[in-house]
There are 2 protein chains.
Amino acid sequence: MSKVTIATVAERAGVSRQTVSNVLNTPEVVREETRERVLEAISALGYRANQAARQMRTGRSRLIAVRIEPSRDGINGSVLDRFLHGLTDAAAPAGYRVMLYTATDDTDEIATYESLLTSYDLDAFVLTSTHHGDVRTSWLAEHEVPFVTFGRPWGAPDTHSWVDVDNAAGTAAATRHLLDAGHRRIGFLGWPAGSGVGDARRAGWATTLADSSLPGTGLDRAVADGIESGAAAVADLLPSVDALVCASDSLALGALRAIRESGHTCAVIGFDDTPVAQAVGLTSVSQPLTEAAARCIDLLADVLDHSGTPRQLLLAPSLVLRQTTPQGATT
Amino acid sequence: MSKVTIATVAERAGVSRQTVSNVLNTPEVVREETRERVLEAISALGYRANQAARQMRTGRSRLIAVRIEPSRDGINGSVLDRFLHGLTDAAAPAGYRVMLYTATDDTDEIATYESLLTSYDLDAFVLTSTHHGDVRTSWLAEHEVPFVTFGRPWGAPDTHSWVDVDNAAGTAAATRHLLDAGHRRIGFLGWPAGSGVGDARRAGWATTLADSSLPGTGLDRAVADGIESGAAAVADLLPSVDALVCASDSLALGALRAIRESGHTCAVIGFDDTPVAQAVGLTSVSQPLTEAAARCIDLLADVLDHSGTPRQLLLAPSLVLRQTTPQGATT
């Protein structure tokens, strides 16, 4: 290994790694003579600027913080896991690393911001799961902490940079695909009104039906997310519908089970193209999560460079066709 | 908010947060007069020891690094994602935060260690996916970097602390369950020999059959992991077997498909109890990932306290019974 590291410096100076680290970060705790020996080794070996030195130059720690969600049913949770993989991948070439934290709700998350900002040198936050009345973004803005969000600021003004996926476009494409295949009684299985993402997914279905002068009234159900609730909700929609657009793969899986048990035939499209959809052959709307993560890092770099005004990016989802929808139709 | 933060101190001293941070971390870059004003505010407000100060006391950064794997088929990848959730949850109460990195192979990972240790103050690493001839652990040991592994040091001596799940016990329990239900032609679908985890999962099946004086010869197949390879491999085992233990849920899903298409009847047990197993009703061996993560943090705390010799923990998996195995049998 030709790279010069703290370990190499420590070896040459005949001190511990901790002592080298102290010389670089808290020189005042190191004895004069030791300090000089370490600095000599650093100079002789051409040890490159370490984090502390770089931070002094740039005012940056190169560390960004992201919340990791509790594991939920494991189906929808995979979406944010995939975003996290993408974020870590995109951060490294840009010179950033990702630090994780957990939080039970918005209030707890803000308390965690306080704690993190006190304990670590952080450059910025990447927020996920934005929602109506989100107090986190205003807290960060007030405290002048740089951040971007994956998710638009539902109902709040566009005063910060964000990346989002066009949820309504996703369910619109799903509904159009079913219309093109000849379906005319297309239902929607979603969540109770009030969540930005859920309302947008419902709107994509509703407006596409309206554009074709087809009725949607009575053909939708709103339930809590989950396989069981999906199965229960769709049972009484049969046989009124012959196709179903769902707000999540969990709901779609429940719907598939209820349809199979009922003996009826009904096309089904889920949302998020999770591993479960791939495994069971469920047609589903796919979010470009890797791209969304990469764009978040791009926007964050701009924010940290103070270059320009906040920017907003809305990415288009795509429909992944599998066995639960008619084959051969075009979208 | 009653908590005193860098922002509170900055406000009282009439300076920016960066200036407060500079006073705490690199006082030499701050003008004397400003520094005194900030120190006065810190003292008046009772600002608690920040990370830099704490690190000076304890020699610790409270930051641990973990590799995040590339998203694979999304089924098996969920195992390490769940471990990561557990690790982040367990780290916070112990006073640690988790930093992520990616690496393409062992050599790249070691280069990443160099880079991370140069650029960040890291306390330790948590390694996953240990394997035969793992050069990462010896590199960390040589460079005196504290670490624990989730996964035993296959073939290498137990010179460091690790947590692992008893893979052989998992497939042994699966095989016993099938024996108790009356199956006598129990096959195994696994990976090519050479991977520690894969060999252990095969051994649990083989020894349990041998203990019952039942033949296993010719009833096992070794293929690359995946749904398609699982489907192809099991097709020519039918109808020789009436039950199948699989080394992963991916292989089990492929097996289920091939069995359904063949018209034969065959019980199937997967491994890892992934969300896909839950969604399709697949009986599967479940690893205690949350506990494994918590124990990794426990052992790491011991390592960092230099308390005692390396410790090794082998956790027992459990069998989650669902529709793809006979009901009513006891394990």
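Residues numbered from 1 in each chain as written. Chains lettered and ligands numbered in written order. Predicted model: local features only at pLDDT ≥ 70, side-chain atom pairs only at ≥ 80, totals over all residues.

**Comments concerning the overall build of chain A**
For clarity, the threshold we go by: Each helix is a run of DSSP H or I of at least 4 residues and each strand a run of E of at least 2, with the numbering of both proceeding from the N terminus. Partly exposed residues are those whose C-beta has more than 12 but fewer than 20 other C-beta atoms within 10 Å; 20 or more makes a residue buried and 12 or fewer makes it exposed, with C-beta atoms placed from the backbone. In this description, any two residues whose backbone-derived C-beta atoms lie within 7 Å of each other are considered to be in contact.
Regarding its fold elements, chain A presents 13 helices and twelve strands. Dimensions of chain A, computed from C-alpha atoms along their principal axes, come out at roughly 85 × 40 × 30 Å. Buried residues in chain A amount to 47% of all 331 residues. Restricting the contact set of chain A to residue pairs at least 6 apart, pairs at least 24 apart contribute 66%.

**Concerning the sheet that holds strand 10 (residues 283–286) of chain B**
Residues and elements named next belong to chain B. Which entries qualify depends on this criterion: Paired strands, as defined in this entry, are two strands with at least two bridges between them according to DSSP. Structural elements are reduced to axes, namely lines fitted to C-alpha atoms, with helices fitted over the stretch in contact, and the angle between N-to-C directions of any two is expressed from 0 to 180 degrees.
If you walk across this open sheet you meet the six strands as 7-6-8-9-10-12, and the pairing is mixed. Bordering the open sheet on either side are strand 7 (220–222) and strand 12 (318–320), each of which pairs with just one other strand. Strand-to-strand twist across the sheet, computed as the mean angle between neighbouring axes with direction ignored, equals 20°. Direction of pairing for strand 9 (residues 267–271) relative to strand 10: parallel, over a ladder of three bridges. When the sheet's bridge partners are listed, Gly270 is paired in strand 10 with Ser284. Those strands touched by helix 11 (residues 249–262) are strand 6 (186–190), strand 8 (243–246), strand 9 and strand 10, and its axis lies near 160° from that of strand 9.

**A look at the environment of A:Ala258**
Residue and element names in this part refer to chain A. Relative to the elements of secondary structure, Ala258 occurs in helix 11 (residues 249–262). Under the C-beta neighbour-count criterion, Ala258 is labelled buried, with 22 such atoms within 10 Å. Contacts of Ala258, omitting those with residues within four sequence positions, involve Ala231, Val234 and Ala235.

**Notes on the nonpolar core**
A general feature of soluble globular proteins is that nonpolar side chains tend to end up buried together. What counts, and what does not: Residues of type Ala, Val, Leu, Ile, Met, Phe, Trp, Tyr and Cys that are buried and joined through C-beta atoms within 7 Å form what is called a nonpolar core.
If you look at the biggest cluster of nonpolar residues, it comprises 98 residues, and the most contacted ones within it are A:Ile64 and B:Ile64. For A:Ile64, the contacting residues outside a window of four places in its chain are A:Ala91, A:Tyr96, A:Val98, A:Met99, A:Leu122, A:Asp123, A:Ala124, A:Phe125, A:Val126 and A:Leu300. Listed in part, the 82 residues of the second largest apolar core include A:Ala267, A:Ile269, B:Ile227 and B:Leu251.

**Concerning the sheet that holds strand 7 (residues 220–222) of chain A**
Residue and element names in this part refer to chain A. As summarised here, the arrangement of the six strands in space is 7-6-8-9-10-12, forming an open sheet in which the pairing is mixed. The strands lining the two open edges of the sheet, one partner per strand, are strand 7 and strand 12 (318–320). Strand-to-strand, the axes of this sheet are offset by a mean angle of 20°, without reference to chain direction. In this structure, strand 6 (residues 186–190) lies alongside strand 7, joined through three bridges in parallel fashion. When the bridges of strand 7 are listed, Leu189 appears paired with Arg221. Against the sheet, helix 9 (residues 196–211) makes contact with strand 6, strand 7, strand 8 (243–246) and strand 9 (267–271), and its axis sits at roughly 170° relative to strand 6, the strand it touches most.

**Comments concerning the pairing of strand 5 (residues 162–165) of chain A**
Residue and element names in this part refer to chain A. Burial along strand 5 is two-sided: Trp162 and Asp164 and Val163 and Val165, pointing in opposite directions, are all buried. Where strand 4 (residues 147–150) and strand 5 come together, two bridges link them in parallel fashion. Along strand 5, the bridge assignment pairs Phe150 with Val163. Alignment of strand 5 against strand 11 (residues 312–315), held across four bridges, turns out to be parallel. From the neighbouring strand, Asp164 faces strand 11, where its bridge partner is Leu314.

**Observations concerning the confidence of the model for chain A**
Residues and elements named next belong to chain A. To keep it simple, the criterion reads: Per-residue confidence from the predictor is reported as pLDDT, which spans 0 to 100.
Looking at chain A as a whole, the pLDDT averages 88, with 91% of positions reaching at least 70. The low-confidence segment residues 49–57 (pLDDT under 50) makes 14 contacts with residues lying over four places distant or belonging to another chain. Interface scoring of the predicted complex returns ipTM 0.77; its pTM is 0.80.

**Here's the deal with the packing of helix 10 (residues 227–235) of chain A against helix 11 of chain A**
Residue and element names in this part refer to chain A. Selection rule: If an angle is under 35 degrees, it is roughly parallel; if it is over 145, roughly antiparallel; if it lies from 65 to 115, roughly perpendicular; otherwise it is oblique. Note: crossing handedness is left-handed where the near helix turns anticlockwise from the far helix by less than a right angle, and right-handed where it turns clockwise. Put simply, Ala, Val, Leu, Ile, Met, Phe, Trp, Tyr, Cys and Pro go in the nonpolar bin, Asp, Glu, Lys and Arg in the charged bin, and everything else, Gly too, in the polar bin.
Helix 11 packs onto helix 10 with a crossing angle of 50° between their chain directions and a minimal axis gap of 7 Å. In terms of their interaxial angle, helix 10 and helix 11 are classed as oblique. At the point where helix 10 passes helix 11, the crossing takes the right-handed sense. Residues Ile227, Glu228, Ser229, Gly230, Ala231, Val234 and Ala235 of helix 10 touch helix 11, and the partners they reach there are Ser250, Leu251, Ala252, Leu253, Gly254, Ala255, Arg257, Ala258, Ile259 and Ser262. Grouping the constituent residues of the contact of helix 10 with helix 11 by class yields ten nonpolar, five polar and two charged.

**Examining helix 6 (residues 106–119) of chain A**
This is how it is decided: Between the first and last residue of a helix there are one fewer steps than residues, each counted as 1.5 Å, and that sum is the expected span.
The terminal C-alpha atoms of helix 6 of chain A, which comprises 14 residues, lie 20 Å apart, in line with the 20 Å expected from a rise of 1.5 Å per residue. Listed in full, the buried residues belonging to helix 6 of chain A are A:Tyr113, A:Leu117, A:Thr118 and A:Ser119.

**Looking at the environment of A:Val20**
Residues and elements named next belong to chain A. Within the fold, Val20 resides in helix 2 (residues 17–25). Between the C-alpha atoms of Val20 and Leu39, which are 19 residues apart in sequence, the distance is 8.7 Å. Leave out the neighbours within four places in its chain, and Val20 touches Ile6, Val9, Ala10, Ala13, Val15 and Val38.

**Some remarks on unusual backbone geometry**
Looking along the chain, the bond that leaves A:Leu238 and enters A:Pro239 is cis, with omega of 0°. Along the chain, A:Pro239 turns up in the loop between helix 10 and strand 8. Residue B:Ser213 is not a glycine yet carries a positive backbone phi of 55°. Here B:Ser213 is to be found in the loop between helix 9 (196–211) and strand 7. You can call B:Ser213 exposed: it has 6 C-beta atoms within 10 Å.

**Here we look at the environment of A:Ala206**
Residue and element names in this part refer to chain A. On the secondary structure map, Ala206 appears in helix 9. Take Ala206: there are 19 C-beta atoms within 10 Å of it, and that puts it in the partly exposed class. Note: C-alpha distance between Ala206 and Ile68 (138 residues apart in sequence) is 33 Å.

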